[in-house]
Amino acid sequence: MNVEQIYRDANALLEGHFKLSSGNHSQFYLQSAKVLEDPKTAKLLAEALAEQIKNSGIKVDAVCSPALGGLIAGFALATALDVRFIFAERVDGEMTIRRGFEVQEGENYIICEDIITTGGSALEAAKQVENDGGNIVAYAALANRGFCSREGSNSEAKDNCKLPLDKPLYALEDFTFEMYSPEDCPLCKDGSVAYKPGSRGN
Ligand code: ZN
């Protein structure tokens, strides 16, 4: 499966001059919502991810995703694994599990995102599951931005990866493109202006 090509075909891997939420600039931007716009593609990707997890032999009772970004990927993964799906959401900035979802003592959870960048939201969701008595057995994402190390890849986790190193991360692809501080951005030096993805209606 050529995940990068699937992202390109769905216009989910954008090329240009982008201002990321971190303030850094990049020539590429991943818009995973676009790749999940087609339910058939979402199903295909989630089944490939589920295959990796099944092959690992870990026992999974449920998937939990941080809203909003992880919802579709997490739901599709739970469908492919045939387990329950719950989500955590921010209330006044704090990640919480609401809506009557109950984490049972000792249940095994996978935390699923669409993209793992540094894994901050995934870790916050994991802490909520653990607070309620659940076990985190793995993290999962369709795409890994290359700060954390996924199973089957030789690249090491960078210092800014927030995910615990003793838990596996399953992802379909590494997207490790360069980021630049605005002062050092070669695209800015060439005279173009960075824009924030989404600010022009996409
Ligand atoms: Zn720039």
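Report follows, based on the coordinates. (Residues numbered from 1 in each chain as written. Predicted model: local features only at pLDDT ≥ 70, side-chain atom pairs only at ≥ 80, totals over all residues. Heavy atoms only, no water.)

In this section: the state of the cysteines. Per the stated rule, a full pass over the model turns up one disulfide. The disulfide that involves Cys 148 links it to Cys 161, with 2.1 Å between the sulfurs. Between Cys 148 and Cys 161 the sulfur-sulfur dihedral comes to about 105°; the bridge is accordingly right-handed. Of this pair, Cys 148 sits in the loop between strand S7 (135-144) and strand S8 (169-174) while Cys 161 sits in the loop between S7 and S8, and the two are 13 residues apart along the sequence. We classify Cys 161 as buried; its relative accessible area is 14%. (Disulfide = S-S within 2.5 Å. Helix = DSSP H or I, 4+ residues; strand = E, 2+ residues; numbered from the N terminus. Buried < 20%, exposed > 50% of the residue type's maximum accessible area, 1.4 Å probe, protein only.)

Glancing now at the coordination of the zinc ion. Ideal coordination angles are 109.5 degrees for a metal with four donors arranged tetrahedrally and 90 or 180 degrees for a metal with six donors arranged octahedrally. With distances of 2.1 to 2.4 Å, the protein atoms coordinating the zinc ion are His 17 (NE2), His 25 (ND1), Cys 185 (SG) and Cys 188 (SG). Because the angles between the four donor atoms bound to the zinc ion fall within 96 to 121°, the donor set is best described as tetrahedral. Here the donor residues of the zinc ion are spaced in sequence according to H-x7-H-x159-C-x2-C. Residue His 25 is classed as buried on the basis of its relative accessible area, which comes to 6%. (Donors = N, O, S within 2.8 Å, 3.2 Å for Na, K, Ca; no water. Tetrahedral: all angles 85-135°; square planar, octahedral: opposite > 155°, others 65-115°.)

Three or four residues apart is the spacing at which side chains of an α-helix point the same way, because the helix has 3.6 residues per turn. The end-to-end C-alpha separation of helix H5 (residues 120-131) is 17 Å, in line with the 16 Å expected for 12 residues at 1.5 Å each. Every buried residue belonging to H5 is among Gly 120, Ala 122, Leu 123, Ala 125, Ala 126 and Val 129, and all of these are buried. The secondary structure elements touched by the buried residues of H5 are strand S3 (62-66), strand S4 (84-91), strand S5 (94-96), strand S6 (108-116) and S7. Directly after H5, the chain includes Gly 133, whose backbone phi takes a positive value near 105°. (Expected span 1.5 Å × (residues − 1). Contact = heavy atoms within 4.5 Å.)

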